[in-house]
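Structure at a glance
Now for the letters of each chain:
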Amino acid sequence: MKKFLYTLMAFVIFASMATGLTACKKTEQNEDPNAKPEFTIPAKGSPYAEGIQLPKLENTKVKILMGVNWDYIEKHNTEKEPYAQYHATKAWEATYGGSVEIETVADSAQTEYLMTAMASGTAPDLIPAGETLYPLWSANGLVANVEDVADYLDLDDPIYKKDIMEQFKWLGKYQYIVTREPAHYFVVYNKTKFNLAGEKTPMDYYKDGAWTWSQFVKTARQMTTSDGSDYGFTGWGLFPYFAPYPMSQVQDDGTVKLTVDDPKYMAYMTEVYNFYQREQAGRLDYSLQDWSKTFPQGTDAMVMTTVDNMKQIVNAAEELESDKFGIAPLPVFNLGEETERISPATFWAYSISAGSKNPKGAATYIRLEAKVTENALKTMPEFGTLDDYLTEEEKTMIRTCNSEDKVLIDPTRAIGDCYNIVDGELVPKLYYAVDLTSVQALIDSVKPKLQAEIDDFNEQAQENQEAVSGE
């Protein structure tokens, strides 16, 4: 499969180059390439389109790659929780008289689909992007730089999350357009369990300025039962690619460097190893993978997850008439001499396909959906279904963390077969069973395989760049 994909990559690069040349010729014939758009067309067709001005477009057909279909979008649009893509599509069609076509492809098949579509000239205009796809799509020539259509995005608008977009740059160029706040990780804890045990909660320690990694370990150990039936922590929030330091890093030249030997990363993973293997304060068996089902039922004391996932936990617990839950920040990794939190996060972004036949329309749609989202959020409770559930202290804490915490992007899962190597060979030994070898030995056992994947990635990325530059 890898050889097939690498062969397909070459076709993709040349196809994208040809598409770009065709687009340039068409621009020269039909319009001034330096003309900036004027936002003079009032959007209509949705109550959330009010106040949005759009530019004139020659081409008003946009094709979007999605993991869900229109029926799903329509079903999940409600008056209480409007679905931004539904309303943006309605506004687009009512304003322009054009169409928004959704190409539905399962998330796991999207990379291969895009390569095939690029090579055949049938690529979508817009593609959804996220932290698990960077820098895979960029290095394979699937994603366009946005400089040429930045004016259609109105890129200086504060709606764009430039600090996150900077981390997703490829060879110094913007490719991922981020308009939504990243979903930071938090500690969600079983408030009922803590109250019954008479233990201070993570939120209590946070308010005292003492919510550090050291205290997290002590708290998890205190909340672990002696018979091992109930643990202080569960889930995958401490997995190797959710660390405050990355397993690998994208360099300025587009190559990737393996960083598992970095002293900070090793110090953190040593602590994680001790937490599971020596302290045994985290659930040490495969059932931790089922935390989203077991945690709402009252099993174990803490997980690390997002606010959106907390909504699902609370909803499931209320249906079961189970326990009550609270939320606190991630602990500061004080043993690494950190004084501030560094959070993994999930992202929602759009990219413009390198094979797009309508990049200006794609850019315009991104901006429209972002503006529709902004309008819709103004009509909704700030924390959605958790608005009446969270305390005022918790709400203030979430706002503070979202605005102040550092956010880390670890590209490892998007490099070759690295994700399967880590999840298939390292994770089972560290998180599913007692293994007192050593964390260094465990990481050393997979390091050559990770490096081989990175070497393959770097070689292919370099070939792609040479093809684009004509060297």
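Keep in mind the model is a prediction, meaning the values are calculated, not measured.

1. Some words on the overall build of the chain
Each helix and strand in the chain was counted, giving 17 helices and 14 strands. The C-alpha atoms of the chain give a radius of gyration of 24 Å, which matches the 23 Å a tight globule of 471 residues would have. When the backbone C-alpha atoms are referred to their principal axes, the chain occupies close to 75 × 50 × 35 Å. Considering only intrachain contacts with a sequence separation of at least 6, the fraction spanning at least 24 residues in the chain is 77%. Carbon and sulfur atoms make up 48% of the accessible area of the chain, which amounts to about 21300 Å² in all. Placing the 43 positive and 71 negative side-chain charges of the chain at their respective mean positions leaves the two points 2 Å apart.

2. Concerning the packing of aromatic side chains
Enumeration over the complete set of coordinates arrives at 32 aromatic pairs. With a centroid separation of 5.2 Å and an interplanar angle of 45°, the aromatic rings of Phe 295 and Phe 325 are classed as tilted. One end of the pair, Phe 295, is in the loop between α12 (291–294) and β10 (302–305); the other, Phe 325, is in strand β11 (residues 325–328), with 30 residues separating them in the sequence. For the residue pair Phe 295 and Phe 325, the accessibility class agrees, reading buried in each case.

3. Some details on helix α11 (residues 263–278)
In a regular helix each residue adds 1.5 Å, so 16 residues correspond to 22 Å; α11 covers 21 Å between its end C-alpha atoms and thus fits that length. Listed as buried for α11 are Tyr 265, Met 266, Tyr 268, Met 269, Val 272, Tyr 273, Phe 275, Tyr 276 and Gln 277. After α11 finishes, the residue Gln 280 shows a positive phi value of roughly 50°.

4. Here we look at helix α13 (residues 307–320)
Taking 1.5 Å per residue as the helical rise, α13 with its 14 residues ought to reach 20 Å, and the 20 Å between its terminal C-alpha atoms agrees with that figure. When α13 is considered as a whole, its buried residues turn out to be Val 307, Met 310, Ile 313, Val 314 and Ala 317. Down the axis of α13, the smallest arc covering the buried residues is 100°, so these residues share one side. Exposed side chains of α13 directed beyond 90 degrees from the buried face belong to Gln 312 and Glu 319. On its buried side, α13 packs onto β6 (183–184), β7 (186–190), α12, β10, β11 and α15 (392–404). Within two residues after α13, Glu 321 carries a phi angle of roughly 55°, on the positive side.

5. Describing the pattern of salt bridges
Note that side chains of opposite charge can pair when their charged atoms are close. This model, assessed by the stated rule, comprises 21 salt bridges. Between Lys 447 and Asp 261 there is a salt bridge, with its nearest N and O atoms 3.0 Å apart. Residue Lys 447 is found in helix α17 (residues 439–469), and its partner Asp 261 is found in the loop between β9 (256–258) and α11; the two are separated by 186 residues along the sequence. Exposure remark for Asp 261: the relative accessible area of 44% places this residue in the partly exposed category. The salt bridge partner of Lys 447 is Asp 444, with a shortest N-O separation of 3.4 Å.

Conventions we followed
Residues numbered from 1 in each chain as written. Predicted model: local features only at pLDDT ≥ 70, side-chain atom pairs only at ≥ 80, totals over all residues. Heavy atoms only, no water. Helix = DSSP H or I, 4+ residues; strand = E, 2+ residues; numbered from the N terminus. Rg over C-alpha atoms; globule rule 2.2 N^0.38 Å. Contact = heavy atoms within 4.5 Å. Areas by Shrake-Rupley, 256 points an atom, 1.4 Å probe, with all protein chains shown as cover. Lys, Arg positive; Asp, Glu negative; His and termini not counted. Charge placed at Lys NZ, Arg CZ, Asp CG, Glu CD. Phe/Tyr/Trp six-rings, centres within 6.5 Å; stacked < 30°, edge-to-face > 60°. Buried < 20%, exposed > 50% of the residue type's maximum accessible area, 1.4 Å probe, protein only. Expected span 1.5 Å × (residues − 1). Arc of directions from axis to C-beta. Salt bridge = Lys/Arg side-chain N within 4 Å of Asp/Glu carboxyl O.

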